[in-house]
Amino acid sequence: MFLQFKEQVTSILDNAIKSAGFEVDDIVLEPSPHADIASRAAFGLASKAKQNPKDIAEKIAAAVTIPDGSYVEKIGTTGPYLNITASRKYVDETVVRIRDEKTGFGGGFCTGSIMMEHTSANPNGPLHVGHIRNSVIGDTLTRILKHAGYDVEAQYYVNDMGRQIAIVSWALSQFEFDKSKKSDHAIADVYIKANADLEEHPEKVAEIDKLMQLVESGDDATINSFDEAVSLAVSGIRKTLLRMNVIHDKFVNESNFIRNGAVSRIVDEIKATGRTEIDKGALVVDLSDYGFEKTLVIQRTDGTSLYTTRDLAYHEWKGEQAERMIDVLGADHKLISGQLKATLNAIGKPEPEIVIFEFVSLPEGSMSTRRGKFITSDDLFDQIEEQAYIEVEKRRPEMTNEFKKEVANVVGMGAVRYDIVKVSPEKSTVFDWKTALDFEKQGAPFIQYAHARACSILKKAEDDGIWDSDTEVDPSVLVEDTEVALIKKMALFDKVIDQSARELKPHIFAIYARELADAFNQFYRFVPVISAEEEDMRTNRLALVDCARIVLANTLDTLGIGAPEAM
RNA sequence: GGUCCCGUGGCUUAGCCAGGAUAUAGCAUCGGGCUUCUAACCCGGGGGUCAAGGGUUCGAAUCCCUUCGGGAUCGCCA
């Protein structure tokens, strides 16, 4: 809705600038606390026209012609700023469209296909609290892009043949696997033991090297033992992801690209560019013209491939299937992903767009699966749900145990996701239990509570026989400040989807979610709905509550957070 | 040592890419509000040299340089 408003503003201002005798440049529309949208076009025009920006703004405002039926009410000035106010029609139509379009409101304006890759943690243990930053960012982005209209396929790239997996496979033959534990946790146990053992007895490393050569040459027994190790870890990881409501359409195994010959084909393609040479027995690529001083190794001395080599083949394959590729990766992948892009570019293949997030560390240092220094996501989820249960117990002691458990689950998982997604990915963070388990006031529960309130009002109205969602309404009677503010906030939905999809920044959307809930809560406190004096007013306010319910549910769904009807 | 990211009230954080109107919120703190649709809420107060220094500009949290602090990374791990 806001996108259409913005388009109209652009066209009106373009015309006004022209008829005021200036040359149209960038009209620089920006949000403003003083208007529905503001332009500081006058600043830019001032230097060119050698006039005072304030005079320019006034001349432009005087030249404004607003067509009938516009979403624009008026364009005024405050000093050099052009302040644009939306019309009543804009407000009314927002209500009508939300009721018509429901979950489709504010979306579907983009087209194209995207391959999204996220999480892709090594199957050598459970997801820890750092990995899920990747999952939450990736899954939220997927949801945002889908809402914008893109056809998105989310993939988990499974490293089923790296050195770590060779160690896991070897570990399973050396140490006892605890079947009573969740499989990914039990895998981590033997993996940690194996690493300690290898450190103590370096001569055993040769056994790992041997396994890697066997798997790459296609030895069935070795491949099967790798598969077994990987599937134990992956099945546990999938349970964790499911619990967070993170959805992958496909799990793609790295080994596919060895077995179908794609890796050796791409190595040949790279060789054909004349960029490769043998350096100390390894095959390396020269990417100095892309700004990389050091060469990139794509084949070990023993002829086996590396992660990067397989990743090149994977990206070549993805690039054939979709118009865009997006990878969500940790900060440790900055350099390697740049080299990957350069290499793909050098052989004339499409490159992925990379979303980097900074690390989550522990107070005592960075996390490491190998050394057993990590906090598992499963532990975090268990504890937060326990904490959430206590909160529900406090507030709704009269409800059934089943209700409390359900709410604790939806509130707990929502809190985890929201806490992660609300922070811009370039901030590195330190995990600590105290803040992780603290239900921050304006976090997920705040947004979920707003939704539950809306549902509760509608339910009561339905029970009282005063509300039917098919009722025709006339939103023009909704004139209270908090009502208009709420409607205008809902109208921004498309703009926020558009911006976060364009910039690949899910935190922008998370912040909007909080503001939307805030606008609803203020309306709720200030304006009576069911107890409104006139019937007409009551009906229209109920319609507004219904709109808020729809947009809040939409917003929560886009964040991958449950929208409880009661809590 | 080179490269990249971050540094905003006691704590967490938006804004920075596309420089402009009193720097955004939350937590904590102080005060007010439930006989009225769920108070996981609402209203108000106090609290900021936007790490430091320099530069560009009519104008810098935002752009450039230097320094300091934290994180990441620098070929046969991923």
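See above for the structure.
**What to know about the packing of aromatic side chains**
Inspection of the entire model under this criterion finds 16 aromatic pairs. Note on Phe-493 and Tyr-512: the rings are 6.2 Å apart at their centroids and 75° apart in plane angle, and the pair reads as edge-to-face. Of this pair, Phe-493 sits in helix H19 (residues 493–503) while Tyr-512 sits in helix H20 (residues 506–526); the two residues are 19 residues apart in sequence, bridging distant segments of the chain. Using a relative accessible area of 2% as the deciding quantity, one classes Tyr-512 as buried. A ring pair is formed by Phe-509 and Tyr-512, whose centres lie 6.0 Å apart and whose planes are at 50°; its orientation type is tilted. With Phe-509 and Tyr-512 both in helix H20 and 3 residues apart, the pair spans about one turn of that helix. Each member of the pair, Phe-509 together with Tyr-512, is buried. Here the aromatic residues Phe-2, Phe-5, Tyr-71 and Tyr-90 are joined through ring pairs into a cluster of three or more.

**Here's the deal with the sheet that holds strand E2 (residues 35–39)**
Here 4 strands make up an open sheet; going across it, the order is E1-E2-E4-E3 and the pairing antiparallel. Sheet topology places strand E1 (29–32) and strand E3 (72–78) at the edges, where each strand pairs with a single neighbour. Strand after strand, the sheet turns through a mean of 30° between neighbouring axes, direction not considered. Along the sheet face, helix H1 (residues 2–19) touches E1, E2, E3 and strand E4 (81–86) and points at about 40° away from the line of E2. Across the sheet, helix H3 (residues 53–62) lies against E3 and E4, angled at about 160° from E3, the strand it touches most.

**A closer look at the protein's contact with RNA strand B**
Taken together, 65 residues are adjacent to RNA strand B, and Tyr-81, Arg-300, Arg-395, Tyr-449 and Tyr-524 come closest. Near-protein atoms of RNA strand B (within 4 Å) split between backbone and bases, with sugar and phosphate holding 63%. A distance of 3.4 Å is found between a phosphate oxygen of RNA strand B and a backbone nitrogen or oxygen belonging to Tyr-307. Here Asn-521 contributes a side-chain N or O atom positioned 3.5 Å from a sugar or linking oxygen of RNA strand B. At the level of secondary structure, the elements contributing two or more residues to the surface near RNA strand B comprise E4, helix H6 (163–174), helix H12 (307–321), helix H13 (334–346), helix H14 (377–395), helix H15 (401–421), helix H17 (444–463) and H20. Considering each element in turn, the surface near RNA strand B owes the most residues, 8 residues, to H20. Among the residues making up the surface near RNA strand B, the classes are represented as 26 nonpolar, 17 polar and 22 charged.

**Things to note about the sheet that holds strand E7 (residues 250–253)**
Strand order in the open sheet formed by 5 strands is E7-E6-E5-E11-E12, and the pairing between neighbours is parallel. For this open sheet the edge positions go to E7 and strand E12 (353–357), each flanked by a neighbour on one side alone. Across the sheet, the mean angle separating the axes of adjacent strands is 25° when strand polarity is ignored. Pairing of strand E6 (residues 151–158) with E7, which is carried by 4 bridges, proceeds in the parallel orientation. Note on E7: the bridge partner recorded for Tyr-157 is Val-252. Sheet strands touched by H12: strand E5 (113–117), E6, E7 and strand E11 (324–330). Its angle to E6, the strand with the most contacts, is close to 160°. Those strands touched by H13 are E11 and E12, and its axis lies near 175° from that of E12.

**Concerning the pattern of salt bridges**
Per the stated rule, a full pass over the model turns up 38 salt bridges. Of the charged contacts, one joins Asp-557 and Arg-143 as a salt bridge, the two residues approaching to 3.8 Å between their closest N and O atoms. Placement of Asp-557 in helix H21 (residues 535–558) and of Arg-143 in helix H5 (residues 131–148) is noted, with a sequence separation of 414 residues between them. Overall, the relative accessible area of 48% leaves Asp-557 in the partly exposed class. Given a relative accessible area of 15%, Arg-143 falls into the buried group. Among the ionic pairs, Lys-250 bridges to Glu-153, the shortest N-O distance being 3.2 Å. Placement of Lys-250 in strand E7 and of Glu-153 in strand E6 is noted, with a sequence separation of 97 residues between them. Residue class for Glu-153 comes out partly exposed when judged on its relative accessible area of 22%. It is possible to trace a salt-bridge network through shared partners that takes in Asp-139, Arg-143, Arg-417 and Asp-557.

Calculation rules
- Residues numbered from 1 in each chain as written.
- Chains lettered and ligands numbered in written order.
- Predicted model: local features only at pLDDT ≥ 70, side-chain atom pairs only at ≥ 80, totals over all residues.
- Heavy atoms only, no water.
- Phe/Tyr/Trp six-rings, centres within 6.5 Å; stacked < 30°, edge-to-face > 60°.
- Helix = DSSP H or I, 4+ residues; strand = E, 2+ residues; numbered from the N terminus.
- Buried < 20%, exposed > 50% of the residue type's maximum accessible area, 1.4 Å probe, protein only.
- Pairing = 2+ DSSP bridges.
- Axes fitted to C-alpha atoms, helices over the stretch in contact; angles between N-to-C directions.
- Contact = heavy atoms within 4.5 Å.
- Near = heavy atom within 4 Å.
- Polar contact = N/O pair within 3.5 Å; in protein donor to acceptor, adjacent residues only side chain to side chain.
- Nonpolar A, V, L, I, M, F, W, Y, C, P; charged D, E, K, R; others polar.
- Salt bridge = Lys/Arg side-chain N within 4 Å of Asp/Glu carboxyl O.

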